[in-house]
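A structural walkthrough
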Amino acid sequence: MSMRIRTSACTALAVAALAAGTVLTAPAAGAAEKAAVPKAAAPKFLSASQLPPHPTSAWTAGPATEGFPEALGGCVSTEGVLDYEYRHREFRTDLETNAVQLTVVTDSAAHAKALAKHYDDLVRTCADRIEESSPDIKAEGRDYGKLPVEEGARVRGLHTETSYGATDISLTSVGRDGRTVTVVRWAQMGDFGDAPVAAFKKTTTTAVNKLY
């Protein structure tokens, strides 16, 4: 969805994120184990030129920033997830198209695999959760398949339409390289016909390959 997403859609996504439940909790002893893991080099981010080309406006990239991005939308959140090392980078055009990349460094490949599945499940079920929480919004999700990059990635799409006719389209991918997970989201006003699926798959492949 666009950066100017309507209030009703924002509320729906927030409720959907909270409704996703709590997963990936760890035993109390895990804190000491986590502290013992040596700090790896920070994963690298996409550059503006590696986003799906916009027909009339160039992409600009913000700085890599600590923390979880609000711009990722309500489908994916930190709810019920361990306090990992979150970093993100936001991108925008002069129009309403925007994008964001999140990187999450976990303490093991097994935890990264579980986190990637959790995030993908949240994206997969987001449309149903939006409709359950906001009757005035129609939502549809689509699965655009897996990508053979590193430990794998998957691309999904989400279209929302409010009762007053506002529509937004987004593409979200979840990928993994070792113990690092990355989530990439592209969004603008429109519907599935406006989604650059092939270009976004290329962007996702680049994002996962570029982490290290």
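Residues numbered from 1 in each chain as written. Predicted model: local features only at pLDDT ≥ 70, side-chain atom pairs only at ≥ 80, totals over all residues. Heavy atoms only, no water.

1. Details of the pattern of salt bridges
Which entries qualify depends on this criterion: What counts as a salt bridge is simple: a side-chain nitrogen of Lys or Arg found within 4 Å of a carboxyl oxygen of Asp or Glu. Runs of H or I in DSSP of at least four residues are treated as helices and runs of E of at least two as strands, each being numbered from the N terminus. The classification of residues rests on relative accessible area computed with a 1.4 Å probe and restricted to protein chains. Under 20% of the type maximum is buried, over 50% is exposed, and intermediate values are partly exposed.
Enumeration over the complete set of coordinates arrives at 8 salt bridges. The salt bridge involving lysine 117 is made with aspartate 121; its shortest N-O contact spans 2.8 Å. Of the two residues, lysine 117 and aspartate 121 are both situated in helix H3 (residues 109–124); the distance of 4 residues between them amounts to about one turn of the helix. Among the residues examined, aspartate 121 registers a relative accessible area of 22% and is labelled partly exposed.

2. Brief notes about the nonpolar core
In summary, soluble globular proteins display a tendency toward joint burial of nonpolar side chains. Put simply, the test is: Definition used in this section: a nonpolar core is a set of buried Ala, Val, Leu, Ile, Met, Phe, Trp, Tyr and Cys residues joined via side-chain atoms within 4.5 Å. By definition, residues are in contact when any of their heavy atoms lie within 4.5 Å.
Of all hydrophobic cores here, the largest spans 25 residues; its most connected members are Tyr86, Leu102, Val104, Leu115, Tyr119, Leu158 and Val181. Elements that contribute at least two residues to this core include exactly strand E4 (98–105), H3, helix H4 (126–133), strand E5 (137–147) and strand E8 (180–189). Ranked by residue count, the leading element in this core is H3, at 6 residues. Residues in contact with valine 104, not counting those within four places in the same chain, are Tyr84, Glu85, Tyr86, Leu115, Tyr119, Arg179, Thr180 and Val181. In this structure, Leu51, Tyr144, Val155 and Val197 belong to the second largest nonpolar core, which totals 21 residues.

3. Things to note about the pairing of E4
Remember that side chains alternate between the two faces of the sheet whenever the strand is regular. The criterion, for reference: In this description, strands pair whenever DSSP reports at least two bridges between them.
Here E4 lies mainly inside the structure; 8 of its 8 residues are buried. Of the two faces of E4, the one holding Asn98, Val100, Leu102 and Val104 and the one holding Ala99, Gln101, Thr103 and Val105 are both buried throughout. The sheet contact formed by strand E3 (residues 85–92) and E4 spans 8 bridges and is antiparallel. Residue pairing across strands places tyrosine 86 opposite valine 104, the latter belonging to E4. The turn joining E3 and E4, which pair antiparallel and follow one another in sequence, is formed by 5 residues. As paired strands, E4 and E8 are joined by 8 bridges and run antiparallel to one another. Bridging across to E8, valine 104 finds its partner in valine 181.

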